[in-house]
Amino acid sequence: MILNFEQYKERWNVHSDSMIKPGLESIKRALTLLHNPQEKLKVVHVAGTNGKGSTIAFLEQMALNHGLSVGKFMSPCVVDVHDQIQINGKPITQKQMDVVFQQMKHAGISGLLTDFELLTCAAFLHFANEQVDLVLLETGLGGLEDSTNVVNPLVSIITSIALEHTQILGHTIKQIAQHKAGIVKYGKPVVIGKLPEEALTVVKQKAHIQQSPLYAYDETFTVEADEQGEKYINFKEKIIIEKLKRKLLGAHQGENMALAITAFIEMAKILQIEVQIDLVRQSVGCTSLPSRFEQVFPNVYFDGAHNPASIEKLIETIKQQLPNKRIRFVLGMVADKDIEKVLRSLETISDEFYFVDFQNTRAAKAKDLLHLSKAKKKVILKDCIPFIQSSVNFEGITFVTGSLYLLAEIRNQLRI
């Protein structure tokens, strides 16, 4: 479900299917009718199980600080559909969305696409209409058969690979890696994070076949602790950037930062932009992202961790940043995630859980989460808003987590 997307479909009488249908045939047909706006764009394409949003946020800030206009397409939404399509950090307006829907209506693509494919077309049109210098494009699901995989990017990034969406992407790391590696294009650099050995083998093979220069974390570049922050080291390019201080917390964000810096260096070569170290340092220091260890009120944090891999990163960051604090969780999840594994992990640092229902066709029932939980204190919250608001007075820390869809719904209700 894409919040507030239906109003545009109804207004312009443009139909699309809410189902997920992997494959590129339909979107290629639609884009042909739209005169292929994606071919006018300079793109960095980002896939991965976790870390996509943060890596894009770092990249966006670097590009903006170097004077580029930047389009960004991401999912799911933070508040509603408008913030999934942004230029220079500003969501697409209602008027601009109406313009692209009018273009799609006149092109005759109604009924050809899924909701996400239609939104992808809207993003490409908006970025082409506004003639942005750069587009940061996040895959929706996988890579190979994702609707965004119709571009020929300047650089591809694969942030991480873990088991996810196994019904669609496959039940092994190797199968999922084959999907993610689908965004690697002939002769174009690919930057990759720490990947499991099986996944690393798949991606390296794909890069070799595609003759794509490969930049791998801990092989080609890395991040080390620095007396005044962190130090980025690019062995291949012989570039060192010291005194990096991140606003985004957690060791994993250091890795995402390094991916972004490496991709920016490669992208800058192609665009013939001089990389200014001071601007990179400044960008790292001011990059933030909603729902990534985000303190929204005193004693209340939002974090969009929603699978075992991202939950482990959240736990590491809590232990690092909030040692000896009493922790409790407000949790809602979609049903196709590994709920039991997530609960067992979270239960290692808290014995107090509040389960919530939220408006999404894939949402797990709060009562089912309660049943699966082994926590000593577990409650179903019928209305979590007063509870979250009152948590500012809690002698400990309340984390709202489990699904970015849940956080979007709560943000709308709290108007934050």
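For the structure, check the block above.
Owing to the predicted nature of the structure, the values given are computational and were not obtained by experimental measurement. Per chain, the residues get numbers from 1 upward, laid out in the order the sequence is written. For this predicted model, a pLDDT threshold of at least 70 governs which residues receive local features, and a threshold of 80 or more governs which side-chain atom pairs are given and counted, while totals over whole chains, interfaces and linings are taken from all residues. Excluded from the side-chain calculations are hydrogens and water; all other atoms, namely the structure's heavy atoms, are used.

Topic: the pairing of strand β10 (residues 229-234)
Where strand β9 (residues 221-226) and β10 come together, six bridges link them in antiparallel fashion. Along β10, the bridge assignment pairs A225 with E230. Pairing between two strands requires that DSSP report at least two bridges joining them. Secondary structure counts use DSSP, requiring at least four H or I residues in a row for a helix and at least two E residues in a row for a strand, with both numbered from the N terminus. Between the antiparallel neighbours β10 and strand β11 (residues 239-244) lie four residues, among them K238 with a positive phi of about 55°.

Overview of unusual backbone geometry
P76 follows S75 through a cis peptide bond whose omega is -10°. Note that P76 resides in the loop between β2 (70-73) and β3 (85-87). In the Ramachandran plot, N4 falls in the positive-phi region, its phi being about 65° despite a non-glycine side chain. Summarising the element assignment, N4 is placed in the segment before α1 (6-12).

A word on the sheet that holds strand β5 (residues 134-138)
Reading across the sheet, the eight strands line up as β4-β3-β2-β5-β1-β6-β7-β8 and stay open at both edges, with mixed pairing between neighbours. Edge positions in the sheet fall to β4 (90-91) and β8 (214-216), since each of these pairs with one other strand and no more. Note that β2 and β3 share three bridges and pair antiparallel. Bridging across to β3, G71 finds its partner in I87.

Observations regarding the sheet that holds strand β14 (residues 327-331)
Taking strand neighbours across the sheet as the criterion, the six strands line up as β12-β13-β17-β14-β15-β16 in an open arrangement whose pairing is mixed. Lying at the two open borders of the sheet, with one neighbouring strand each, are β12 (294-297) and β16 (377-380). Strand-to-strand, the axes of this sheet are offset by a mean angle of 25°, without reference to chain direction. Where strand β13 (residues 300-302) and strand β17 (residues 397-401) come together, three bridges link them in parallel fashion. For helices, the fitted line uses only the C-alpha atoms of the stretch in contact; every axis is such a line through C-alpha atoms, and the angle between N-to-C directions lies from 0 to 180 degrees.

Quick word on the packing of aromatic side chains
Aromatic rings from Phe, Tyr and Trp, taking only the six-membered ring of Trp, are treated as a pair when their centres fall within 6.5 Å; an angle between ring planes under 30 degrees marks them as stacked, one over 60 as edge-to-face, and anything in between as tilted. According to the stated counting rule, one finds twelve aromatic pairs in the structure shown. Between F293 and Y301 the ring centres are 5.1 Å apart and the planes differ by 55°, which places this aromatic pair in the tilted class. Neither residue differs from the other here; F293 and Y301 are each classed as buried. Ring plane angle 15° and centroid distance 5.9 Å describe the contact between F353 and F355, whose orientation is recorded as stacked. The rings of F293, Y301, F329, F353, F355 and F399 are connected pair by pair, giving a single aromatic cluster. Definition used: whenever NZ (Lys) or CZ (Arg) falls within 6 Å of the ring centre and also within 35 degrees of the ring normal, the charge is taken to sit over that ring. Its end group placed over the ring of Y215, K236 keeps NZ or CZ at 4.5 Å from the ring centre. Positioned over the ring face of F394 is R328, at 3.6 Å from the centre of the ring. Relative accessibility thresholds used throughout: buried, under 20% of the residue-type maximum; exposed, over 50%; partly exposed, between the two (1.4 Å probe, protein chains only).

Comments concerning the packing of helix α11 (residues 308-321) against helix α12 (residues 339-346)
Following both chains from N to C, one finds α11 and α12 inclined at 10°, their axes separated by 9 Å at the closest point. Taken together, the axes of α11 and α12 lie roughly parallel to each other. Along the contact surface, α11 presents P308, I311, E312 and I315, while α12 presents K341, V342, S345 and L346. Here the residues of the contact of α11 with α12 sort into five nonpolar, one polar and two charged. Should an angle fall under 35 degrees it is taken as roughly parallel, and over 145 as roughly antiparallel, whereas 65 to 115 is taken as roughly perpendicular and any remaining angle as oblique. Contacts are residue-level and defined by heavy atoms, with any inter-residue pair within 4.5 Å sufficient. Polar here means any residue outside two lists: the nonpolar Ala, Val, Leu, Ile, Met, Phe, Trp, Tyr, Cys and Pro, and the charged Asp, Glu, Lys and Arg; Gly therefore counts as polar.

Looking at the side chain of H45
Mapping H45 onto the fold places it in strand β1 (residues 43-47). Leaving out residues up to four positions away in the same chain, H45 has contacts with L137, T139, T148, N149, V151, P153, V155, S156, I157 and I183.

Brief notes about the environment of Y215
Along the chain, Y215 falls in strand β8. For the pair Y215 and L259, spaced 44 residues apart in the sequence, the C-alpha separation amounts to 8.9 Å. Not counting residues within four places of it along the chain, the set of residues in contact with Y215 comprises P189, V190, V191, I192, T220, F221, K236, E237, T262, E266 and K269.

Remarks on the nonpolar core
Grouping buried Ala, Val, Leu, Ile, Met, Phe, Trp, Tyr and Cys residues that are joined through side-chain atoms within 4.5 Å yields what is termed a nonpolar core. Ranked by internal contacts, the top residues of the largest apolar core, which has 37 residues, are I85, F101, M104 and F127. Counting only elements with at least two residues in this core, the list comes to α2 (25-33), β3, α4 (94-107), α5 (115-130) and β5. Top element by residues in this core is α5. It accounts for nine residues. Excluding residues that lie within four positions of it along the chain, I85 makes contacts with K72, F73, K90, P91, I92, M97, L119, A122, A123, H126 and F127. L59, L154, L244 and M267 belong to the second largest nonpolar core, which has 36 residues in total.

Section: the packing of helix α7 (residues 173-180) against helix α8 (residues 197-209)
Packed helix pairs are characterised by how far apart their axes lie and by the angle those axes make with each other. At their nearest, the axes of α7 and α8 sit 8 Å apart, and the two run at 35° to each other. In this structure, the crossing between α7 and α8 has a hand that is right-handed. Contacts between α7 and α8 involve I173, K174, A177 and Q178 from the first element and E198, A199 and V202 from the second. Taken together, the residues of the contact of α7 with α8 break down into four nonpolar, one polar and two charged. In this scheme the handedness of a crossing depends on how the near helix is turned from the far one: anticlockwise by less than a right angle means left-handed, clockwise means right-handed.

Structural notes on the pattern of salt bridges
Note on pairing: side chains with opposite charge can pair once their charged atoms come close. Should a side-chain nitrogen of Lys or Arg be within 4 Å of a carboxyl oxygen of Asp or Glu, the pair is scored as a salt bridge. Considering all chains together, one arrives at 19 salt bridges under this definition. One salt bridge connects E6 with K9, and the closest N-O pair in it is separated by 3.1 Å. Taken together, the residues E6 and K9, both in helix α1 and three residues apart, mark about one turn of the helix. Among the residues examined, E6 registers a relative accessible area of 38% and is labelled partly exposed. Using a relative accessible area of 8% as the deciding quantity, one classes K9 as buried. A salt bridge links K194 to E255, with the nearest nitrogen and oxygen atoms 3.4 Å apart. One end of the pair, K194, is in the loop between β7 (190-192) and α8; the other, E255, is in helix α9 (residues 251-271), with 61 residues separating them in the sequence. Since its relative accessible area comes to 17%, E255 is described here as buried. Taken together, the shared-partner salt bridges connect R326, R328, E352 and K377 into one network.

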